[in-house]
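Tertiary structure, described
The chain contents come next:
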Amino acid sequence: QVQLVESGGGLVQPGGSLRLSCAASGSIFSINAMGWYRQAPGKQRELVAGITSTGKTNYSDSVKGRFTISRDNAKNTGYLQMNSLKPDDTAVYYCNADIDRTYYSGTLTYWGQGTQVTVSS
């Protein structure tokens, strides 16, 4: 069994910062790519940022220069540092990860339950 648990969401004023965490637990052999997505009310879920197992990152244009994705492989944890937050960043943020449970198993994609981020004055 593998679980992803996000934390760190909340209410913040425009221009503020938040740091989201995504902790993977359970039977894990290796974690490949990790990513953060978000879904605002009435909109489709969109990719915010991704990071490979070797640390290569990519960002959506809307967050480039403001958000930073990182990971701690020893802790099986991913992070999303969000700075200069705007009201348009308000959404439920989800992490996902491509995980091998054993050396011989295939790679499966797991999702967290989501954490609410609200940017408002």
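In case you missed it, the structure is sitting above this.
Figured I'd write up the structure that's included with this text. (Residues numbered from 1 in each chain as written. Predicted model: local features only at pLDDT ≥ 70, side-chain atom pairs only at ≥ 80, totals over all residues. Heavy atoms only, no water.)

Here the focus is the overall build of the chain. If you tally the helices and strands in the chain, you get zero helices and 11 strands. The order of α-helices and β-strands along the chain, N terminus first, is β-β-β-β-β-β-β-β-β-β-β. Here the C-alpha atoms of the chain give a radius of gyration of 14 Å, agreeing with the 14 Å that 2.2 N^0.38 yields for 121 residues. Dimensions along the principal axes, computed over C-alpha positions, put the chain at roughly 50 × 25 × 25 Å. A buried classification covers 40% of the 121 residues belonging to the chain. (Helix = DSSP H or I, 4+ residues; strand = E, 2+ residues; numbered from the N terminus. Rg over C-alpha atoms; globule rule 2.2 N^0.38 Å. Buried < 20%, exposed > 50% of the residue type's maximum accessible area, 1.4 Å probe, protein only.)

The next point concerns the nonpolar core. One finds Leu4, Trp36, Val48, Phe67, Leu80, Met82 and Tyr93 to be the most contacted residues of the largest nonpolar core, which totals 28 residues. For this core, the secondary structure elements donating two or more residues are β1 (2–7), β3 (18–26), β4 (30–39), β5 (46–51), β7 (67–72), β8 (77–82), β9 (91–100) and β11 (115–119). Excluding residues that lie within four positions of it along the chain, Tyr93 makes contacts with Glu6, Leu20, Tyr37, Arg38, Val48, Phe67, Leu80, Met82, Gly114, Thr115 and Val117. (Core = buried A, V, L, I, M, F, W, Y, C linked by side-chain atoms within 4.5 Å. Contact = heavy atoms within 4.5 Å.)

For Gly50, the position within the fold is in strand β5. Judged by its relative accessible area of 8%, Gly50 falls in the buried class. Sequence spacing of Gly50 and Trp36 is 14 residues, and the spatial spacing of their C-alpha atoms is 6.3 Å. When near neighbours in sequence (up to four residues on either side) are disregarded, Gly50 contacts Met34, Gly35, Lys56, Thr57, Asn58 and Ile69.

A few words now on the pattern of salt bridges. Evaluated as defined, the whole model comprises four salt bridges. Its salt-bridge partner being Arg38, residue Glu46 comes within 2.7 Å of it at the nearest N-O pair. By relative accessible area, Glu46 is classed as partly exposed at 35%. Judged by relative accessible area, which is 7%, Arg38 ranks as buried. Of the charged contacts, one joins Lys64 and Asp61 as a salt bridge, the two residues approaching to 3.2 Å between their closest N and O atoms. What you see here is one network of salt bridges that share partners, running through Arg38, Glu46, Arg66 and Asp89. (Salt bridge = Lys/Arg side-chain N within 4 Å of Asp/Glu carboxyl O.)

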